[in-house]
Amino acid sequence: MEANEKNMGNRPARESMTDSRLHEFFLEELKDIYGAEKQIVKALPKMQDAATSPELVQAFEEHLDVTQTQITRLEEIFENLGESADAKKCEAMKGILDEGEKVIDDTEEGTATRDVALILAAQKVEHYEIATYGSLLQLAHTMGHTEVADLLEATLDEEKEADLKLTEIAESKINYQASEEVNE
Ligand SMILES: [Fe+2]
């Protein structure tokens with residue numbers, strides 16, 4: 001019996017408990033990240049257009065595809081939970097994306113400095129998503145939503161990968177190039 005008590009943390013709560021406060025909260029957070037992903041889909045082409053380095057342009061292009069898959073995955077999650085997929089406008093993501101647009105205005109076209117700024121803005125997006133999906137994944141486990149957890153984990157892995165890719169692009173060339181740029 002003692003062993004069972006120790007396992008409480010990993011033990012799923014009552015199956016299909018869809019009337020709990022936690023379920024409601026979980027659902028609201030899913031709607032929030034669903035809204036955020038849709039906002040990201042609109043922003044990525046602008047970031048791609050503003051970028052100069054071919055590696056960065058490609059990374060934004062690829063992440064647009066990935067983001068569309070993530071939106072579909074969230075729709076599967078809502079379906080799995082028997083809930084309708086309603087997007088909620090994510091105010092935090094709006095703020096992060098507004099900042100991304102501002103760095104485009106504040107930097108010169110064709111410079112590595114602008115690419116550095118775009119990478120920083122994009123990594124803020126990724127970190128918001130990593131925090132959200134990481135927490136939702138834990139909640140899905142706690143509430144016994146195994147299939148939902150698998151879907152959330154797939155997206156979480158993609159966000160982490162995108163973040164690493166951006167670091168790699170920054171460190172391999174762009175940060176160094178930007179450090180050599182002078183004001184004209
Ligand atoms: Fe995403």
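Note that the structure is a prediction, hence the values are computed from the model and not measured. (Residues numbered from 1 in each chain as written. Predicted model: local features only at pLDDT ≥ 70, side-chain atom pairs only at ≥ 80, totals over all residues. Heavy atoms only, no water.)

Colleague: Can you help me understand the packing of helix α2 (residues 21-50) against helix α5 (residues 112-142) in this one?
Modeller: The relative placement of two packed helices comes down to the angle between their axes together with the axis-to-axis distance. With their axes 11 Å apart at the nearest point, α2 and α5 run at an angle of 160° to one another. Of the possible angle classes, the one that applies to α2 and α5 is roughly antiparallel. α2 and α5 meet at a crossing whose hand is left-handed. (Axes fitted to C-alpha atoms, helices over the stretch in contact; angles between N-to-C directions. Helix = DSSP H or I, 4+ residues; strand = E, 2+ residues; numbered from the N terminus. Parallel < 35°, antiparallel > 145°, perpendicular 65-115°, else oblique. Left-handed = near helix turned anticlockwise from the far one by under 90°.)

Colleague: Where do I start with the coordination of the iron ion in this structure?
Modeller: Under ideal tetrahedral coordination, the four donors around a metal are separated by 109.5 degrees; under ideal octahedral coordination, the six donors are separated by 90 or 180 degrees. Coordination sphere of the iron ion, protein contribution only: Glu37 (OE), Glu37 (OE), Gln70 (OE1), Glu129 (OE) and Glu159 (OE), at 2.1 to 2.4 Å. Donor residues for the iron ion sit on one chain with the sequence pattern E-x32-Q-x58-E-x29-E. Taken together, the residues glutamate 37 in helix α2 and glutamine 70 in helix α3 (residues 54-81) connect sequence positions 33 residues apart. The residues glutamate 37 and glutamine 70 share a single accessibility class, namely buried. (Donors = N, O, S within 2.8 Å, 3.2 Å for Na, K, Ca; no water. Buried < 20%, exposed > 50% of the residue type's maximum accessible area, 1.4 Å probe, protein only.)

Colleague: Would you explain a negative patch on the surface in this entry?
Modeller: A contiguous patch of negative charge on the surface is contributed by Glu147, Asp150, Glu153, Asp157 and Glu161. In this fold, glutamate 161 is placed in helix α6 (residues 146-180). Residue classification places glutamate 161 among the exposed residues on the basis of a relative accessible area of 57%. (Patch = residues over 30% accessible without salt bridge, like charges linked within 9 Å, V, L, I, M, F, W, Y side chains within 5 Å. Areas by Shrake-Rupley, 256 points an atom, 1.4 Å probe, with all protein chains shown as cover. Salt bridge = Lys/Arg side-chain N within 4 Å of Asp/Glu carboxyl O. Lys, Arg positive; Asp, Glu negative; His and termini not counted. Charge placed at Lys NZ, Arg CZ, Asp CG, Glu CD.)

Colleague: Mind showing me how you'd approach the pattern of salt bridges here?
Modeller: It is possible for side chains of opposite charge to pair when their charged atoms get near one another. Considering all chains together, one arrives at nine salt bridges under this definition. The salt bridge involving aspartate 86 is made with lysine 31; its shortest N-O contact spans 3.9 Å. With a gap of 55 residues between them, aspartate 86 in the loop between α3 and α4 (91-106) and lysine 31 in helix α2 connect regions that are remote in the sequence. Take aspartate 86: its relative accessible area is 36%, and that puts it in the partly exposed class. Since its relative accessible area comes to 15%, lysine 31 is described here as buried. Put simply, arginine 73 and glutamate 158 hold a salt bridge, and the shortest N to O gap is 2.9 Å.

Colleague: For this particular structure, what's the right way to read the environment of alanine 117?
Modeller: Along the polypeptide, alanine 117 turns up in helix α5. Of the residues examined, alanine 117 reaches a relative accessible area of 15% and is grouped as buried. Along the primary structure alanine 117 and asparagine 175 are separated by 58 residues, whereas in three dimensions their C-alpha atoms are 9.8 Å apart. Apart from the residues lying within four places of it in its own chain, the contact partners of alanine 117 are Val103 and Thr107. (Contact = heavy atoms within 4.5 Å.)

Colleague: Help me understand empty space enclosed by the protein, please; the structure alone is not making it clear to me.
Modeller: Unoccupied space between atoms shows up once a probe the size of one water molecule is rolled over them. In total, this model carries one cavity of 30 Å³ or more according to the counting rule given. Quantified by volume, the largest cavity comes out at close to 40 Å³. Lining the largest cavity are Ala43, Lys46, Met47, Leu97, Gly100, Glu101 and Ile104. Those elements that provide at least two residues to the lining of the largest cavity are α2 and α4. The greatest single-element share of the lining of the largest cavity, amounting to four residues, is contributed by α4. A per-class count over the lining of the largest cavity returns four nonpolar, one polar and two charged. (1 Å grid on protein atoms, 1.4 Å probe; cavity = no way out; pocket = protein on both sides within 12 Å on 5 of 7 lines; lining within 4 Å. Points joined across faces, edges and corners; volume = space filled by probe spheres on them. Nonpolar A, V, L, I, M, F, W, Y, C, P; charged D, E, K, R; others polar.)

Colleague: Help me out: how do you make sense of α4 in this one?
Modeller: Residues spaced three or four apart along an α-helix point in a common direction, a consequence of the helix completing one turn every 3.6 residues. When the terminal C-alpha atoms of α4 are compared, their 22 Å separation across 16 residues agrees well with the 22 Å that a helix rising 1.5 Å per residue should span. Considered for burial, the residues of α4 that qualify are Met93, Ile96, Leu97, Gly100 and Ile104. Considered in projection along α4, the buried side chains sweep an arc of 95° and stay on one side of the axis. For α4, exposure combined with an orientation more than 90 degrees from the buried face picks out Glu91, Asp105 and Asp106. In this structure, the buried residues of α4 make contact with α2 and α5. (Expected span 1.5 Å × (residues − 1). Arc of directions from axis to C-beta.)

Keep in mind these numbers describe shape, not what the thing actually does.
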